[in-house]
Each structure stands twice: as C-alpha cells, then as structure tokens.
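This is what each chain is made of:
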Amino acid sequence: MKITAAVVREKGKPFQFEELDLQDPREGEVMVKIAASGVCHTDEVAQHQMIPVPLPAVLGHEGCGIVEKVGEGVTEFQKGDHVVFSFGYCGHCKNCLAGRPYACENFNAINFGGVMSDGTKRLSKDGREISSFFGQSSFATYSVVHKNSIIKVDEDLELDILGPLGCGIQTGAGAVLNRLKPTAGSSLVVFGCGTVGMSAIMAAHLCPCKNIIAVGGNEESLVLAKELGATHTINRKKCDCIVSEIKKITEGGADYAIDTSGVPDFVKKALACVKFLGTAVVLGVTGELTIQVQEELMGEGKSLIGIVEGDSNPKLFIPQLISYYKQGKFPFDKLIRVFEFDEINEAFEASHSGKAIKALLKMR
C-alpha cells in the first residue's frame, strides 16, 4: 500500500516527506495505522550516523496506533486494537528465551541494521528498498511491526501520548526500577533533565529514595524535575563544583548516579559523585571516555555500567508504567509537547534546543 513517511536520505540532512510502498505484514507481523510517535535522541543519532543505520531510512521508534491488518500466525491482536510499539528482538536467542529481550543477541541487527527480524525489508520506493528502524519506522502513516514488539493497551487511554513509553520513558524508569532497585532512603543523582532523566526521577520517587538530585542546565526543566519528585536540583551553569555539591547534599556521596546526557565529562562526574561501592550508570549514547581506573573506579569498589532499554521486558513493564500513570504516580504526560507530523524538523530542533522535553508527532 502507499504511505507517507519522513525519509532520511543523507547523513545529517533534514527529514523529507515521500510517498513509499509498504508491503503487507508477513508471518508474525502486524500492520498498524500510526496515531503518534515520540521524537527521541536516538533518532537524531541515527540521522547523523553516529549509529550507522543504512540510508535511506525511515526512522521513528516510539510509535503507537491502531491495528489495521494481521499477518499469518498472529492470534493475540486483531483489527482495531490499540497498541504501543517498543524495540525489536528475535525472540529465540538465549537471552530472549530467558526473558531478557533488551539483551537480544540480534538486537543491533534488528534495531539498527535497517531490516526486520527476518532480515528483509518492507519499505520501498520505485522498487528500491528503504531501511527500517527499530523494526517499526514509526515516522510514517502506517507501519509493519513484529508481534513481539507491540503491546495492547486499553482503549479508554489517550493513545497518542503512549508511544514514548516504548523507549525513552522505559529506559529511564527501567534503569531505576528494573536494574538499580534502590531501597528506601537511598540517594540517586540524575544528570540531564530530558525524557530519560525525568523518567528516572519519577521512578526514584516511587521507590522512594531519600535524596533525588537533578542536574541540568535549563531552569524550567529543573522546576519540573522538582514537581516530578526531585528533592534537590543543581543548575550546572551556576554551580562551580557539581560533585562537591552532591557530596554535601548526600553527606559523603550518592548511592547511585545516572548520566542521560551522553557527555563524557558528566559520565566522569556521575562516577565521581557516588560513594564507596556506589554505582554510576550510562544511559546516553557516549563517545570515548578516559578514566584513571584505580583512582576513579577500583579504589573505592565502584561500578560503571551501561543499561539498554532499562533492562525492560516491554510486554510486562509498559503495562506496569501505565498502571502507575493511571494511579497518578507516574505523570509522564507532563513531559510531552505535541507537534503535527509535517512539523517533524521543527520538533527535532525543539528537542535539540531544550524547548521540548519530549516532542510528540501526531499523524492523525
């Protein structure tokens, strides 16, 4: 069928709208009419080829919509179902079978290789194939997604806002709730007050942590961080020594620190501000980093870890986050600013400049 999609054809170039051909869903796949899609930093990273997704490609990986058609072997979804998308995974490697799809042995090929889980493509123009992204390519009016990567949601929920749960929100919240699992009274620092950072703050508030420290450079975002559960905020533009301030607040150092910025210096600060046996987490796409291992890591038994997709099993974790949202305990909707689909380049600019925490594109 003919669809409209935002295509990236060259490294770093703006999105351009094109009419593409989308194949019908194959075995185990579902065709969805896209309602909305979140805009994520990972899309921008792919656009600029820091992650070398084969171009041309249709990006977008925080989609949601309504099932239009199901492929052979799909019994758990039917036309009209409201669904949220998440990352792709094979479903048959050791990690997937152990309930750890975020550690799928084929994760990079499926999500960044430009192909579906069976190694083929569904998008084309004039007979020339177009790469997919995260097994969904949600910057489009319709998408074909494997059943592994979609989660059915109640129709009484506002569907349009749910897409970001599939990546940025579950990454931040999952890092706290699924991996760190801080006990009541713990101290946690979050560097970066974007979607991932704010989600980590809301999750830490659920635990509840004693000290939740938000570090950022946008005063409005820091105010919102307080509203979402931060007990303290530090404006990195006004603080002479962030690490010393954190150690003062926590009386010696935090138990946990999370960097969502991807800035190597903040990763080092995250590691420096945790106490003996503390854990620093990297969630942002980060370049080369040099540390003095004995002094900064081993000498105090610290851990520096990377977490993928919040260690989340989306089919279990996204419904959990929705439940918290319905109870008023996880107000992720406060992060969202809505743009029309044809404003995609403006949405990315607003996200990049900090004018939008979570930009959301509406397709309908």
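Just so we're clear, the structure is a prediction, and the values are computed from it rather than from any experiment. (Residues numbered from 1 in each chain as written. Predicted model: local features only at pLDDT ≥ 70, side-chain atom pairs only at ≥ 80, totals over all residues. Heavy atoms only, no water.)

## Considerations on the overall build of the chain
The secondary structure content of the chain amounts to 11 helices and 18 strands. In terms of overall dimensions, the chain is globule-like: its C-alpha atoms have a radius of gyration of 20 Å, near the 21 Å expected for 364 residues. With respect to the principal axes defined by its C-alpha atoms, the chain has extents near 60 × 40 × 40 Å. Burial statistics for the chain: of 364 residues in total, 56% are counted as buried. Within the chain, counting contacts between residues at least 6 apart in sequence, those at least 24 apart form 68% of the total. By element, 47% of the accessible surface of the chain is carried by carbon and sulfur atoms, the whole surface being about 15300 Å². The chain carries 38 positive and 44 negative side-chain charges, and their two centres are separated by 3 Å. (Helix = DSSP H or I, 4+ residues; strand = E, 2+ residues; numbered from the N terminus. Rg over C-alpha atoms; globule rule 2.2 N^0.38 Å. Buried < 20%, exposed > 50% of the residue type's maximum accessible area, 1.4 Å probe, protein only. Contact = heavy atoms within 4.5 Å. Areas by Shrake-Rupley, 256 points an atom, 1.4 Å probe, with all protein chains shown as cover. Lys, Arg positive; Asp, Glu negative; His and termini not counted. Charge placed at Lys NZ, Arg CZ, Asp CG, Glu CD.)

## What to know about the UniProt feature "domain: Enoyl reductase (ER)" (unreviewed entry) in the chain
The feature "domain: Enoyl reductase (ER)" (unreviewed entry), as given by UniProt, occupies residues 12-361 in the numbering adopted here. With 28% helix and 25% strand, residues 12-361 has its two end C-alpha atoms placed 20 Å apart. (UniProt positions renumbered as here; feature names shortened; annotations may be inferred.)

## Concerning the packing of aromatic side chains
What the rule picks out here adds up to 14 aromatic pairs. Measuring from centroid to centroid gives 4.9 Å for F17 and F341, while their planes differ by 85°, and the two rings are edge-to-face. Of this pair, F17 sits in strand β2 (residues 16-22) while F341 sits in the loop between β17 (336-340) and α11 (344-353), and the two are 324 residues apart along the sequence. Using a relative accessible area of 35% as the deciding quantity, one classes F17 as partly exposed. With 6.0 Å between their ring centres and 85° between their planes, F139 and F348 make a pair best called edge-to-face. Residue F139 is located in the loop between β8 (128-130) and β9 (142-146), and its partner F348 is located in helix α11; the two are separated by 209 residues in the primary sequence. A single burial state applies to F139 and to F348, both of which are buried. (Phe/Tyr/Trp six-rings, centres within 6.5 Å; stacked < 30°, edge-to-face > 60°.)

## A look at helix α8 (residues 264-273)
Three or more residues of α8 are buried, namely F266, V267, A270, L271 and C273. Those residues of α8 hidden inside the fold are in contact with β11 (187-191), α7 (242-250), β14 (254-259), β15 (274-282), α9 (293-297) and β16 (303-306).

## Describing the pairing of β14
For β14, a buried count of six out of six residues is recorded, marking the element as mostly surrounded by other parts of the structure. Note that β14 and β15 share five bridges and pair parallel. Directly across from I258, in β15, lies its bridge partner V281. Tracing the backbone out of β14, into α8 and back to the parallel element β15 gives a crossover that is right-handed. (Pairing = 2+ DSSP bridges. Right-handed = clockwise from strand over helix to strand, strands pointing away.)

## Focus: the pattern of salt bridges
Scanning all chains against the criterion turns up 18 salt bridges. Here D160 and K362 are joined by a salt bridge, their closest N and O atoms 3.3 Å apart. With a gap of 202 residues between them, D160 in the loop between β10 (150-153) and α4 (168-180) and K362 in strand β18 (residues 358-362) connect regions that are remote in the sequence. Shared partners join several salt bridges into a network, and the residues in it are R26, E29, D118 and R122. (Salt bridge = Lys/Arg side-chain N within 4 Å of Asp/Glu carboxyl O.)

## Digging into the layout of surface pockets
One number sums up the size of the largest pocket: a volume of about 1400 Å³. Forming the walls of the largest pocket are 48 residues, and the residues nearest its centre are H41, G194, V196, T260 and S261. Mapped by element, the contributors of at least two residues to the lining of the largest pocket are α1 (41-47), α3 (107-112), α4, α5 (195-206), β12 (211-216) and α11. For the lining of the largest pocket, the element with the highest residue contribution is α11, accounting for four residues. For the lining of the largest pocket, the per-class residue count stands at 21 nonpolar, 21 polar and six charged. Both of domain 1 (1-165 + 330-360) and domain 2 (171-307) provide at least three residues apiece to the lining of the largest pocket. (1 Å grid on protein atoms, 1.4 Å probe; cavity = no way out; pocket = protein on both sides within 12 Å on 5 of 7 lines; lining within 4 Å. Points joined across faces, edges and corners; volume = space filled by probe spheres on them. Nonpolar A, V, L, I, M, F, W, Y, C, P; charged D, E, K, R; others polar. Domains from an automatic or database assignment.)

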